[in-house]
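These are the residues of each chain, in order.
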Amino acid sequence: MGPFISPSILSADFNNLAKEIQVINSSSADFIHLDVMDGVFVPNISFGFPIIEHVNKVATKPLDVHLMIIEPVRYVVPLVEVGAHIITVHYEACKDIERTVRHIKKQGVKAGVCINPNTPVSVLQDFITEPDVVMLMAVEPGVGGQVLIESTYAKVRELKSMIEKYNPVCMIEVDGGVNYDTGEKLFEAGADILASGSFVFKSENPADTIDRLKSTCMNG
Ligand code: DX5
Ligand code: ZN
């Protein structure tokens, strides 16, 4: 199974957003990754509801919403209303991560939990049976175009053995620094979903890059 590709529109051309989404529609991408930032949990502010709603109108792929915001539980219901399919929250940003995950699942969408590069996989142990997706940040959250932190591969392997034991249907997503080389290694280590921003959108032919990213990992 997989790899599933989730292109992050953070690196897309926002002057031509509908066109960029149509390119993703025409590709073999499996999701569209949306990075919401609040300027508090991470220094940057990205975009919010009006953009997500707009993307949802054009997109034919399910929306994979990555919330880099504090107390994201407040926004779960309105995000479902604008078309979120996966809602991923940061472990570091939630007062009660278990309640947040349950609340997301109650709305009938997939719940994801993300951990930062410096957060160990072991923090997930207490509630690993709950999430549909666990996402590992391979870079510090907040900006696109960074280089993957090497220790991510070991974290993917550690997470893989944890979910095989306690929640085998849970998917592993990795976000940040994904390219053909790192993507292949992440997939080998056990990742199911690869979020990729700059590598896809800064390339000459994003649809082709998505297709190649997928086939490189599969055949690697
Ligand atoms: C970073 C975001 C990522 C970002 C990935 O905080 O969560 O989704 O768009 O960008 P690249 O693929 O350029 O590292
Ligand atoms: Zn992201």
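Scroll up a little and you will see the structure.
Not measured: the values here are computed from a predicted model.

Undergrad: With reference to specific residues and values, describe the overall build of the protein.
TA: Helix and strand counts for the protein come out as eight helices and eight strands. The globule rule puts the C-alpha radius of gyration for 220 residues at 17 Å, and the 16 Å found for the protein is close to it. By its C-alpha atoms, the protein is 45 × 40 × 30 Å across when sized along the principal axes. As displayed, the protein offers around 9,500 Å² of accessible surface, 50% of which is attributable to carbon and sulfur atoms. Positive and negative charge centroids in the protein, built from 18 and 28 side chains respectively, lie 4 Å apart.

Undergrad: Hey, could you go over the coordination of the zinc ion (ligand 2) for me, with residue numbers and the actual values?
TA: Around the zinc ion (ligand 2), the donor atoms from the protein are His33 (NE2), Asp35 (OD), His66 (ND1) and Asp175 (OD), and they sit 2.0 to 2.3 Å away. Between the six donor atoms coordinating the zinc ion (ligand 2), the angles at the centre fall across 71 to 167 degrees, so the site counts as octahedral. In the primary structure, the donors to the zinc ion (ligand 2) are separated according to the pattern H-x1-D-x30-H-x108-D. With Asp35 in strand β2 (residues 32–37) and Asp175 in strand β7 (residues 171–175), this pair connects stretches of sequence that are 140 residues apart. Each of the two residues, Asp35 as well as Asp175, counts as buried.

Undergrad: So what's going on with the side chain of Asp30? Residues and values would help.
TA: Structurally, Asp30 is set in the loop between α1 (17–26) and β2. A polar contact is formed between the side chain of Asp30 and the backbone nitrogen of Ile5, at a distance of 2.8 Å. When near neighbours in sequence (up to four residues on either side) are disregarded, Asp30 contacts Pro3, Phe4, Ile5, Lys61, Pro62 and Lys214.

Undergrad: Describe the pairing of strand β6 (residues 133–137), with residues and values.
TA: With five of its five residues buried, β6 lies for the most part within the structure. Side chains Val133, Met135 and Met137 project from β6 onto one buried face, and the interleaved Val134 and Leu136 project onto a second face that is buried too. The sheet contact formed by strand β5 (residues 110–115) and β6 spans four bridges and is parallel. When the sheet's bridge partners are listed, Ile115 is paired in β6 with Leu136.

Undergrad: Describe the nonpolar core, naming the residues involved and giving the relevant values.
TA: By size, the foremost hydrophobic cluster in this structure holds 59 residues, and its most contacted members are Ile9 and Leu124. Here Leu124 is in contact with Val113, Ile115, Val134, Leu159 and Met162, once residues within four sequence places are set aside.

Undergrad: Got a sec to walk through the packing of helix α5 (residues 152–166) against helix α6 (residues 180–189)? Specific residues and values, please.
TA: At their nearest, the axes of α5 and α6 sit 8 Å apart, and the two run at 25 degrees to each other. When the interaxial angle is binned, α5 and α6 end up roughly parallel. With respect to the hand of their crossing, α5 and α6 are arranged in right-handed fashion. Of the residues in α6, those touching α5 at Thr152, Tyr153, Val156, Arg157 and Lys160 are Thr182, Lys185, Leu186 and Ala189.

Undergrad: Residues and numbers for the site of ligand 1, please.
TA: Close to ligand 1 lie 18 residues, the nearest being Gly142, Gly145, Asp175, Gly197 and Ser198. One nitrogen or oxygen atom from the side chain of His33 is found 3.3 Å from an oxygen atom belonging to ligand 1. Gly145 is positioned such that a nitrogen or oxygen atom in its backbone is 2.7 Å from an oxygen atom of ligand 1. For ligand 1, whose unbound accessible area comes to 380 Å², protein coverage reaches 99%. Elements that contribute at least two residues to the shell around ligand 1 include exactly β2 and β3 (63–68). Among the residues forming the shell around ligand 1, the class breakdown is five nonpolar, eleven polar and two charged.

Reading the values: rules and limits
- Residues numbered from 1 in each chain as written.
- Chains lettered and ligands numbered in written order.
- Predicted model: local features only at pLDDT ≥ 70, side-chain atom pairs only at ≥ 80, totals over all residues.
- Heavy atoms only, no water.
- Helix = DSSP H or I, 4+ residues; strand = E, 2+ residues; numbered from the N terminus.
- Rg over C-alpha atoms; globule rule 2.2 N^0.38 Å.
- Areas by Shrake-Rupley, 256 points an atom, 1.4 Å probe, with all protein chains shown as cover.
- Lys, Arg positive; Asp, Glu negative; His and termini not counted.
- Charge placed at Lys NZ, Arg CZ, Asp CG, Glu CD.
- Donors = N, O, S within 2.8 Å, 3.2 Å for Na, K, Ca; no water.
- Tetrahedral: all angles 85-135°; square planar, octahedral: opposite > 155°, others 65-115°.
- Buried < 20%, exposed > 50% of the residue type's maximum accessible area, 1.4 Å probe, protein only.
- Polar contact = N/O pair within 3.5 Å; in protein donor to acceptor, adjacent residues only side chain to side chain.
- Contact = heavy atoms within 4.5 Å.
- Pairing = 2+ DSSP bridges.
- Core = buried A, V, L, I, M, F, W, Y, C linked by side-chain atoms within 4.5 Å.
- Axes fitted to C-alpha atoms, helices over the stretch in contact; angles between N-to-C directions.
- Parallel < 35°, antiparallel > 145°, perpendicular 65-115°, else oblique.
- Left-handed = near helix turned anticlockwise from the far one by under 90°.
- Near = heavy atom within 4 Å.
- Nonpolar A, V, L, I, M, F, W, Y, C, P; charged D, E, K, R; others polar.

Don't take any of this as a statement about function, it's just geometry.
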